[in-house]
Amino acid sequence: MDPTTLLASLLSYVLPMLPAKWAADVASLGIVLAGTCAIAARHWPRPKDGSKWLWLYSLVNAIGQNAGHATNADDVATKTTTHN
């Protein structure tokens, strides 16, 4: 099961049990967290393999949805370009 489907099923189960105010707060907190992680991922270069910070870097990139579209995306995969 992919993470999006898992999260959607979890939210569809949990949100009806929460009061509307709490649900709005949870959604707002999620948006702030994703935005903060996206900004951090934009400015944080990838740690070297074996670094103790690599797990945190991966988590920040996952939450911030930094899936190869940010400026530092070439830290993970080297891009090959040809010029004519």
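Not measured: the values here are computed from a predicted model.

### Comments concerning the packing of aromatic side chains
Alright, step 1. As enumerated under the stated definition, the model contains one aromatic pair in all.
Alright, step 2. Pairing W44 with Y57 gives two aromatic rings, centres 5.4 Å apart and planes at 85 degrees, and the pair type is edge-to-face. Of this pair, W44 sits in the loop between α2 (20–43) and α3 (54–63) while Y57 sits in helix α3; the two residues are 13 residues apart in sequence, bridging distant segments of the chain.

### Looking at the confidence of the model for the protein chain
Alright, step 1. The share of residues in the protein chain with pLDDT of 70 or more is 79%, and the mean pLDDT across the chain is 80.
Alright, step 2. Predicted confidence is poor over residues 78–84, with pLDDT under 50, and the contacts of this stretch with residues over four places away or in other chains come to one contact.

### Digging into the pattern of salt bridges
Alright, step 1. Scanning all chains against the criterion turns up two salt bridges.
Alright, step 2. With its nearest N and O atoms 3.2 Å apart, the salt bridge here joins R46 to D49.
Alright, step 3. Assessed through its relative accessible area of 30%, R46 is described here as partly exposed.

Each value, and the rule that gives it
- Residue positions are counted from 1 within each chain, in the order its sequence is given.
- Per-residue local features are limited, in this predicted model, to residues with pLDDT of at least 70; the limit for side-chain atom pairs, both in listing and counting, is 80 or more; totals at the level of whole chains, interfaces and linings are taken over all residues.
- Computation of side-chain values covers all heavy atoms of the structure but excludes hydrogens and water.
- By convention, a stacked pair of Phe, Tyr or Trp rings (six-membered ring in the case of Trp) has centres within 6.5 Å and planes under 30 degrees apart, an edge-to-face pair has planes over 60 apart, and any other such pair is tilted.
- Secondary structure elements follow DSSP: runs of H or I of four or more residues count as helices, runs of E of two or more count as strands, with numbering from the N terminus.
- Per residue, pLDDT measures the predictor's confidence, with a range of 0 to 100.
- In this analysis, two residues are considered to be in contact whenever any of their non-hydrogen atoms come within 4.5 Å of each other.
- Salt bridges are counted wherever a side-chain nitrogen of Lys or Arg sits within 4 Å of a carboxyl oxygen of Asp or Glu.
- Buried means the residue's accessible area, taken with a 1.4 Å probe over protein chains only, is under 20% of the maximum for its type, while exposed means over 50%, and partly exposed covers the values in between.

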